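What follows is the residue order along each chain.
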Amino acid sequence: MVEPALKIPAPVNVVRPNTYVDSVALMRVSGALTALPRVEAASLVMGTPANRRILADAGLLGHEGSRARPNDLLIGLRCPPDAVDEVLAELDRLLRQSWSDPTSEPAAPDGEQPRSLAGVSDGARLALVSTPGPYAAAEALKALRRGMHVFVFSDNVPVEEEVLLKTEAHARGLLVMGPDCGTAVLDGVPLGFANAVRHGRIGLIGASGTGLQQVSTLVHSYGAGVSQVIGVGGRDLSARVGGASMLDALDLLAADPGTDTIVLVSKPPAPDVARAVLARAAATGKPVVAAFLGADAQEAPGVRMAHTLRGAAEAAVGVRSESTTGTALAPAPAPAPGTLTPGIELDVGRTWLRALYAGGTFAYEARQFLVGRDVATGPGPGVPGSPPRLPSRHCVLDLGDDVFTAGRPHPMIEPAVRTPWLAAALRDPSTAVVVVDVVLGHGGADDPAGAVAGVVAAELAALRTAGEQPPVVLGFVVGTPDDPQDLNGQVQALREAGVTVLDSSTTVAESVADILTTIDGGAR
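Conventions adopted
- Residues numbered from 1 in each chain as written.
- Predicted model: local features only at pLDDT ≥ 70, side-chain atom pairs only at ≥ 80, totals over all residues.
- Heavy atoms only, no water.
- Helix = DSSP H or I, 4+ residues; strand = E, 2+ residues; numbered from the N terminus.
- Expected span 1.5 Å × (residues − 1).
- Buried < 20%, exposed > 50% of the residue type's maximum accessible area, 1.4 Å probe, protein only.
- Arc of directions from axis to C-beta.
- Contact = heavy atoms within 4.5 Å.
- Salt bridge = Lys/Arg side-chain N within 4 Å of Asp/Glu carboxyl O.
- Phe/Tyr/Trp six-rings, centres within 6.5 Å; stacked < 30°, edge-to-face > 60°.

Trainee: Kindly report on helix α5 (residues 133–145), identifying the contributing residues and their values.
Mentor: Between its first and last C-alpha atoms α5 spans 19 Å; for 13 residues at 1.5 Å apiece the expected length is 18 Å, and the two agree. Those residues of α5 that fall on the buried side of the exposure criterion are G133, A136, A137, A140, L141, A143 and L144. For α5, the angular spread of buried residues about the axis comes to 160°, placing them on one side. Looking at the packing, one finds that the buried side of α5 touches β4 (126–129), β5 (149–152), α6 (159–171) and β6 (176–177). G147 sits one or two positions beyond α5 and adopts a positive phi of about 80°.

Trainee: Please set out the pattern of salt bridges residue by residue, giving values where relevant.
Mentor: Where charged atoms of side chains with opposite charge meet at close range, the side chains can pair. Counted under the stated rule, the structure contains 23 salt bridges. The partner of D272 in a salt bridge is R275, with the nearest N and O atoms 2.2 Å apart. Taken as a pair, D272 and R275 lie in helix α9 (residues 271–282) at a separation of three residues, close to a single helical turn. We note that D272, like R275, is exposed. Linked by salt bridges that have partners in common, E162, K166, R235 and D236 make up one network.

Trainee: Describe in detail the packing of aromatic side chains, supporting the description with residues and values.
Mentor: One pair of aromatic rings is described through two measures. These are the centre distance and the angle between the planes. Counted according to the given criterion, the structure contains three aromatic pairs. The interplanar angle of 50° and the centroid separation of 6.1 Å between the aromatic rings of F153 and F193 together place this pair among those described as tilted. Of this pair, F153 sits in the loop between β5 and α6 while F193 sits in the loop between β8 (189–192) and β9 (199–206); the two residues are 40 residues apart in sequence, bridging distant segments of the chain. Given the relative accessible area of 13%, F153 is considered buried. According to the relative accessible area criterion, F193 is buried, its value standing at 12%. With a centroid separation of 5.1 Å and 85° between ring planes, the pair formed by F362 and F476 is classed as edge-to-face.

Printed below as a string of structure tokens:
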């Protein structure tokens with residue numbers, strides 16, 4: 001007997017002509033609408049061709065939405081027809097709230113925000129660009145020509161335009177952070193997703209937003225602090241871009257009297273770029289730690305290679321001559337293999353790893369511990385709008401990747417994006433280990449652990465009621481006690497739900513490798 005095909009409700013599109021809303025606000029409002037009781041899915045985007053394709057892939061684009069223009073606000077909904085008016089009313093309320101947010105930047109002296117760079121005072125030194133990708137380079141170029149450094153949060157910027165921007169910045173003695181730059185802390189001011197870290201004398205440069213967050217928060221937890229955290233965008237160390245911003249940032253930190261030690265963080269750079277960056281790092285005359293995850297790069301004089309995010313933080317603190325209080329620091333010793341997860345009980349009938357990361361660098365780091373195993377990095381087969389399907393093998397998923405966030409906010413902004421994947425993993429009788437990350441800080445969700453804890457507690461309780469041994473759930477929290485979400489409360493919520501919370505992404509990855517070795521007897 002052939003089962004009937006799953007019927008996906010038709011999407012509802014609303015187009016607001018000539019209405020621009022910042023991408024972060026759009027993601028937050030999309031997440032809030034998705035959480036409404038009668039809404040199955042909601043997405044707010046500007047009507048660029050790339051965004052229309054994303055909505056189409058998510059099953060949220062109809063005839064009306066297909067005619068949206070780049071300057072139009074495009075709303076995609078999947079909900080009952082009689083709920084549309086209520087959803088749109090809530091959308092308008094949320095947008096008014098975001099526009100009148102009292103925590104936003106102060107108004108100009110005449111009471112109005114400048115509407116263009118031409119209206120910005122001559123003393124401004126930094127511009128943050130968060131527009132649809134096709135328009136980001138033009139705005140960034142204007143800022144550079146006004147003598148400003150530029151933080152480009154926007155993604156979908158063509159690589160040719162990135163090269164142009166970084167060439168222009170270098171010629172002017174300025175720095176472009178991005179495109180698709182997720183984090184920075186400049187002179188103590190957080191940009192994008194950033195944590196409240198102690199000021200100190202370790203400078204960080206990275207092509208990985210969550211990698212920088214993990215290293216900076218570990219440095220904080222070891223008692224040291226950071227002078228600057230500079231993101232350069234995920235493509236900066238590619239052969240096309242040539243490490244332009246990382247090279248310029250190295251020069252800036254080399255000349256910075258407030259920076260004693262420099263840390264570089266990235267996924268594998270192009271080989272020639274890695275050599276150029278390490279040579280420039282060696283020329284700074286300062287101790288440098290380079291964590292090029294998964295790369296086979298040779299050390300340069302004065303540069304220490306670290307192979308994990310935790311290792312980078314430990315090395316940076318270990319090579320520092322003094323902490324901010326003048327007390328010598330040493331890195332925390334790593335637990336010995338086999339002692340990482342005491343008290344864990346494994347069900348020998350369960351087989352697969354389900355690592356569900358919000359941070360892409362954490363997923364990449366985890367895969368380095370699983371070399372030789374058959375590990376999926378994408379979802380199982382399915383159709384837009386259908387429940388998630390997990391592959392019949394180990395999987396390490398970056399749920400912030402476009403394939404998962406099409407038409408949805410990033411899970412660091414809306415943790416509920418991960419909920420169906422987490423529930424599916426916990427209900428799968430073949431799942432042995434589930435991994436989750438929780439990222440705190442400015443720009444993130446108010447209670448990221450809450451969404452995880454609620455699902456884990458409910459699913460583990462159901463399994464125990466049914467007399468089944470549940471899978472192991474491992475997690476880590478990236479944050480500091482000074483972050484707005486309350487680090488201790490987030491950790492406690494996860495532990496009470498049944499998550500074994502470890503100190504870092506690296507420790508979790510090590511523990512997963514040990515557990516899988518125990519399960520399969522070392523077979524690969």
